Every structure is written in C-alpha cells, then in structure tokens.
Amino acid sequence: MSSESSKKRKPKVIRTDGVPAEGKRGKGDADQETQTLLWRASTRLEDPSGICMDARYYSEESEVDLRDPIKDYELYRETCQELQRLMAEIQELKSRGIKENASEIDERRVQSCVHFMTLKKLNRLAHIRLKKGRDQTHEAKQKVDAYHLQLQNLLYEVMHLQKEITKCLEFKSKHEEIELVSLEEFYKEAPPEISRPAITLTEPHQQTLARLDWELEQRKRLAEKYKECLTSKEKILKEIEVKKEYLSSLQPRLNSIMQASLPVQEYLFMPFDQAHKQYETARHLPPPLYVLFVQASAYGQACDKKLVVAIEGSVEEAKALYKPPEDSQDDESDSDAEEEQTTKRRRPTLGVQLDDKRKEMLKRHPLSVTLDLKCKDENVLHLTFHYLMNLNVMTVKAKVTTAVEMTTAISAGDLLSPDSLLNCLYPGDHGRKTPNPANQFQFDKVGILTLSDYVTELGHPYVWVQKLGGLHFPKDQPQHTVAADNSLSASHMELTVKLLRSRLQSRLALHKQFASLEHGVVPVSSECQQLFPTKIVSRLVKWTAIPYEDYAELPYTKDVIEAGLAEDTHLYYMALIERGTAKLQAAVVLNPGYSTLPPVFSLCLNWKGERNSSNDDNIRAMESEVNVYYKELWGPKPGYQLLTNQLQRLCMVLDVYLETEPHDPSVEGPKEFPQEKMCLRLVRGPLRLKPFKFNYPQGFFSHR
C-alpha cells in the first residue's frame, strides 16, 4: 500500500532562488534544506566536462553519447562504497542512542539520498545505453539481412542465366536429325546457285543452309517420284484383283476335279489329296517340327516305305498363336468394372503364381508330328514329337504296338516302357536334361530344378530328337534363339531311323526270351546249337529283374560299377543256375544298346563256400567266357540271341567247372559230379585253370 500511495503522491519541490539565511536551524529548516538538495540533484548534474546544463534543455539520450561508460562504472563503485560507509556510520550513531547525534544522522541520511539519486541516474543511463546498443544491433542485422537477400537474388539470377545458357548450348535443331549428304557429294551434285562454293566454303552457317536447300530440292524430286510410283502401284493392284477373281473362280473347278480323281488316287496308291491337306497343315508347324516333317516325309518316300509321317493337334489353336493381339482397351474397362463390382476377390498366392509361370514355361505347341516305324513282323513303334515353345526344345513320346499278343513276363516290364525304351539310342543320351543351356536360366526364374521331373508328361528331350528337328545348341555360348537347320536333320535321319527300328526289334526279341527264361527254359536257336555240347546238366532256375540299388549292394559287382559299365539307366537282372548242391548266381547288366553292346555278367558260386572272381581264378575265367568272348555267341545277325547264348554258355562252363573238380577222399560214396565232358587237360598253369572252350565238331573242351 505504501508503494502505491507513494506512486500517486507527487513529491513536493520547493524552488528557491538563493541559499536560505544562516542562523539557527530547526527541524523545518533541515527538511527544507533536504528538499532543496534533492531538487538540485534531480535537475542539475555536471557533465564530464564540468559544464552545468539547465534542466529545461536536459536530455539523457544525448548525455549518454557524451559520457564514458567506464567512468560511470567507477562512479557507480564509489557511490556504492560511500553508501556502505554512510549506512555503517548511521548504524553506529543510532547504536549509541545519543540525542545530539540526530542532526548528524539527518545529514548522513541526506547524503545517502543524494547517492541513491546518483545510482538511479546511472541505472537510467545504463538502460538507455542498452536500448541504444540493441537498436544499433537491430539496424546492423537489418542491413546484413538486406545484403543477404540481395546476394540471394543475385545468385538466383546467376543460376537462371546459367540454365538459360545451358539450354541454348544444348539446343538441338531439327536439321541435326536429318542425314544430309556428304560435303563431297554435295559440291559434286548440287548446282552452283545452291552450293555457292565461294561463300559456303568459308562460312559454316551458310554451308549448312545451302545443304538444307539441296536436301529440300532432293525431297521434292523424291515426292514426285513417290506419286508416280503410287499411281503405278494402283494400276498393278487392279491387275492383281482381276487375276485373283480369275483364280478364285478356278479353285472350285480344281476341287471338283480332285474329288473326281480320288478313286484313281486310291487305285494307284497316290494319295495326292491327303498329302495336300498334310502340307496345308504343315504351314502352321513351328520351324523344328516343320523341318522334321519335311525330312521324315522325304526319307519315307525315298528310302523307307514303311515310315508313316502325320500331323496331329488343333490347327485352330496353332493359327491363334500367330494372330496379332487385339486392342484390349475394352477388355481392360470391362475388367475394371468387374473389379469394382466384386468386393471379395482374393489375389493369387505366390505358389499359385509360380505354378502358372511353370505351366506357361513348359507350354507345348498345339500341333505335333507323329512317326510310325513298321517292322517286317508288323510291329509298330509310334513316336510323337512335341515342341516346347518357350524352351525352344523338342520332346518325344514312344509307344509300341505288337502284331500279336505277347506273353506277359514280369522281368520284361521295363523293356517296352516309354520311359526307358529309347534310352541311350546314342551313347550317353539319357534324355533327362534339356540340351539347351539357356533353359537353366529360365528354370531359375520359375523355380524348376530340372526338366526330368516333367518328362513323363512332356516327353524326353533326347539330343537326337533335336537334331531331327534341325536344332543344335552350342555348349560354350548358350543362345536363346537357335534356327532349325534342314541339313542337320537330313544328315541324322537315316541312321536314327535304323537305330529306332533296331531298338524295337531287339526289345521285342528280349521280351520273348524273358518269357522263356522265367519258366527256366534257355531258348537256343538252331543256328546256335553248334556252340554248345549236346548234353548240359546245369539248368536255369530263376530269372528276375532287380533294381540298381540291389545290384550295387552285391559284393561281387563292385569291379563292374567302378569300371563305369553299370549306370542307373541300364537294366539289371539276377539269374540262378543250379546243378546238384552247386548254385551259381549271375548278376546281369543289360545295356540299353543291346545287342550292339553286350550284357555284362558278374558270377558268384555257392558250393563248398562262396566263390567269386576275387577268390577263385576259374570264376574269373568263367566271366571271361561270356564277357570277353561274347562275339562267338552273337549267332546270326543282328545278334538278338546273344543273351540266351551267354546264359547257355554259363550252364556249360558250370558243368565243366564242377566235373573237373578233384574228388574229396574224405567223403564216402561216389563223386557228386561225375565227369561227362571230354577234356584234353583238366587243369593248366599255375592258376590251375579249367578247359572252358568247346571245340565243334570234335566235341571236346580245351584251354584257350
């Protein structure tokens, strides 16, 4: 409350023209003197130069510029020290409590008030200095901001000018896209009024203008020629239309003539109409199948009348593959409308998308070429060739049709199987992997590990199939596009057809033989009777097919596997030959190229222990009789009786082995295997080898 009342109450200032009269001063005089001093302190102040300024013209703002801040600071310190001193003296006088000290206390209080006024004055001056400093700083910042803004404007103008310069430098005129004639040709062919060599040789700009004028002149001439050509083209088109109308009217007449000549064609075995339809369909075949169709048809007409070539599949689907894609804007709008109407539509998962991509990758052409190879006994090998459009490879499917119903043999199950019938027609051609090296990169994109997982559905991509279609894939540089070559197909056609027919006949012959072998009968033809003695006691007891894993587990087949003569594409069989207590096991490896490549036998004799090629030299000699000297057992060409002759020889050499064994004196009774074969010598050499070679017509056995 006291502060508010002091603010409202105005101080009373007693203005006097002179100093009050001397004399005894009371309390009123002291107060009057105090007021006078305060008024003087508030209205008059000496400046640093000692000049006293009148209160009417006093300005603290101008005084701040004249005063030294350091001296004001020194004055502030001195004033504070004086105040401390006066306060200490007043406290000391009051502590004494003497009434005579009241006047001294008042005097010191007046001095203290004067010092307070000085401090207020210094405080105002400090605030004024601070305000001026802030104003000056603000003005300086405004100047800096103005300069910075001006700098940014200048930089922007510089950048804009640089962009304009760059645009001007990068500007490409239309004449740069025009391929003008060379300078030599220009000065050689252009007339002087256009070329003006006196001016254009020294001025590049005038030279360019002159070349453009010459280009314009040439184009005008070409435009006139173009119009002349158009008129001549229209005349030719009209002539073509007239000829087309004539030919179209001729076509029905030709068709009627062809229909009338059908009985004559059938009578003379000249099916021109059917061949014409086939060739019309062949126009829609892909290049590899077309090459196969043409070369196979030519070979059949020239060399093999029993080779029948045909085309199967949908011609309409084949035509649709080569139609240009139609404008699909309407379809897109319809599909958008359907998507707006359908609220609950699921997106296909990643697995479904990969399946769709795989199906698209393995898509076959709608048309296929079929070859029917007929043999003399009316057995037929049906081959269907397909073309995988995205992989650019051909595949084949095989099927056998026999003339008579054949006896079903369990061991002959894989002989005529479509998956193994054509294996290794050429050495090493298993048909499990794609012959096109570029396909592996395509398989990686859709997650296909190998093509062997799809051969049951698509067919086998044998290398000879690609060659029949004229396709050749270099392994050093994989190529995505390989053109079909007619010469390549023609060079392999004859040999491949012969191999296919030989493969079919050999498999059919084996099929018949296996039916007899399963019943314990080794069929020997009359032409091969001279290879064996009249009486053979050992007989075949068992003949079964075994998988490759079981064959590999046999201890006496390791040498054959290590030699590379047994692969998983071969056929494996187990034969058991017995005579008395002796049992001879024969593991047979049948190469797909039988009978060009002979079967391989591995023997194990169970008689008085287990004997094989590793612990008995005579067992090794028995294996040599069937594996090394197989050419003696080929018989009449093409040698399809080789397997049965080898088995018959095994029965023969087993008799020789058992009959030439010495009798054990510790065993009572007659000899188990009496000697019935005539041998010149029972054993020979340090290895004690037995005489396994049969000599015809003498009928005795000797050593080799």
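Naming follows an unreviewed UniProt entry, where the chain appears as THO complex subunit 5 of Corvus moneduloides. Quoted verbatim from the Sequence similarities (unreviewed entry) field of the UniProt record, the comment on the chain reads "Belongs to the THOC5 family." Looking at the Subcellular location (unreviewed entry) heading of the UniProt record, one finds this comment for the chain: "Nucleus".

A. Structural detail: the overall build of the chain. Of regular secondary structure, the chain possesses 23 helices and 12 strands. Across the 704 residues in the chain, those meeting the buried criterion constitute 34%. Restricting to contacts in the chain with at least 6 residues of sequence separation, those with at least 24 account for 65%. Summed over all atoms, the accessible surface of the chain reaches about 46100 Å², with 54% contributed by carbon and sulfur.

B. Region of interest: a nonpolar patch on the surface. A cluster of nonpolar residues, Leu 161, Ile 165 and Leu 169, forms a patch on the protein surface that exposes about 340 Å² of accessible area. Topologically, Leu 161 is positioned in helix α5 (residues 102–170).

C. Examining the nonpolar core more closely. Among the nonpolar cores identified, the biggest contains 51 residues, and Leu 381, Leu 383, Phe 385, Leu 422 and Trp 464 are the most heavily contacted of them. Where this core is concerned, the elements lending two or more residues are α12 (287–302), β1 (307–313), β2 (367–374), β3 (380–388), β4 (393–401), α16 (439–446), α18 (463–468) and α19 (486–517). When residues no more than four places from it in sequence are discounted, the contact partners of Trp 464 are Phe 385, Val 396, Leu 422, Leu 425, Tyr 426, Asp 429, Thr 496 and Leu 500. Formed by 48 residues, the second largest nonpolar core is a distinct cluster that contains Leu 650, Val 656, Leu 658 and Phe 692.

D. Local environment of the pairing of strand β7 (residues 582–590). Counting buried positions along β7 gives 7 out of 9 residues, so the element sits mostly inside the fold. In terms of strand pairing, strand β6 (residues 571–579) meets β7 through 9 bridges, oriented antiparallel. What sits directly across from Glu 578, in β7, is Lys 583. Linking two consecutive strands that pair antiparallel, namely β6 and β7, is a turn of 2 residues; a positive phi of about 65° is found at Gly 580 within it. Both β7 and strand β8 (residues 600–606) contribute to a ladder of 7 bridges, which runs antiparallel. Bridging across to β8, Val 589 finds its partner in Val 600.

E. Structural detail: α19. With 32 residues, α19 extends 46 Å from end C-alpha to end C-alpha; this agrees with the ideal 46 Å at 1.5 Å per step. Maximum bend of α19: about 40°, positioned at Met 493.

F. The arrangement of the packing of aromatic side chains in detail. Applying the stated rule across the entire model yields 11 aromatic pairs. With a centroid separation of 5.0 Å and an interplanar angle of 65°, the aromatic rings of Phe 186 and Tyr 187 are classed as edge-to-face. Of the residues examined, Phe 186 reaches a relative accessible area of 0% and is grouped as buried. We classify Tyr 187 as partly exposed; its relative accessible area is 25%. Considering the side-chain rings of Tyr 548 and Tyr 572, the 5.4 Å spacing of their centres and the 50° angle between planes classify their relative orientation as tilted. Placement of Tyr 548 in helix α20 (residues 548–553) and of Tyr 572 in strand β6 is noted, with a sequence separation of 24 residues between them. Here Tyr 548 falls in the partly exposed class, since its relative accessible area comes to 27%. Taking relative accessible area as the criterion, Tyr 572 reaches 4% and is therefore assigned buried.

G. A look at the pairing of β2. Among the 8 residues in β2, 7 count as buried, and that is most of the element. Bridging between β1 and β2 involves 7 bridges; their strand directions are antiparallel. In the sheet register, Ala 310 faces β2, and the bridge partner there is Thr 370. When β2 meets β3, the two strands line up antiparallel, connected through 6 bridges. When the sheet's bridge partners are listed, Leu 373 is paired in β3 with Leu 381. Taken together, β2 and the strand that follows it, β3, pair antiparallel across an intervening segment of 5 residues, in which Glu 378 is found at a positive phi of about 70°.

How each quantity is defined
- Residues numbered from 1 in each chain as written.
- Predicted model: local features only at pLDDT ≥ 70, side-chain atom pairs only at ≥ 80, totals over all residues.
- Heavy atoms only, no water.
- UniProt positions renumbered as here; feature names shortened; annotations may be inferred.
- Helix = DSSP H or I, 4+ residues; strand = E, 2+ residues; numbered from the N terminus.
- Buried < 20%, exposed > 50% of the residue type's maximum accessible area, 1.4 Å probe, protein only.
- Contact = heavy atoms within 4.5 Å.
- Areas by Shrake-Rupley, 256 points an atom, 1.4 Å probe, with all protein chains shown as cover.
- Patch = residues over 30% accessible without salt bridge, like charges linked within 9 Å, V, L, I, M, F, W, Y side chains within 5 Å.
- Salt bridge = Lys/Arg side-chain N within 4 Å of Asp/Glu carboxyl O.
- Core = buried A, V, L, I, M, F, W, Y, C linked by side-chain atoms within 4.5 Å.
- Pairing = 2+ DSSP bridges.
- Expected span 1.5 Å × (residues − 1).
- Bend = angle between axes of the 7 residues up to and from the residue.
- Phe/Tyr/Trp six-rings, centres within 6.5 Å; stacked < 30°, edge-to-face > 60°.

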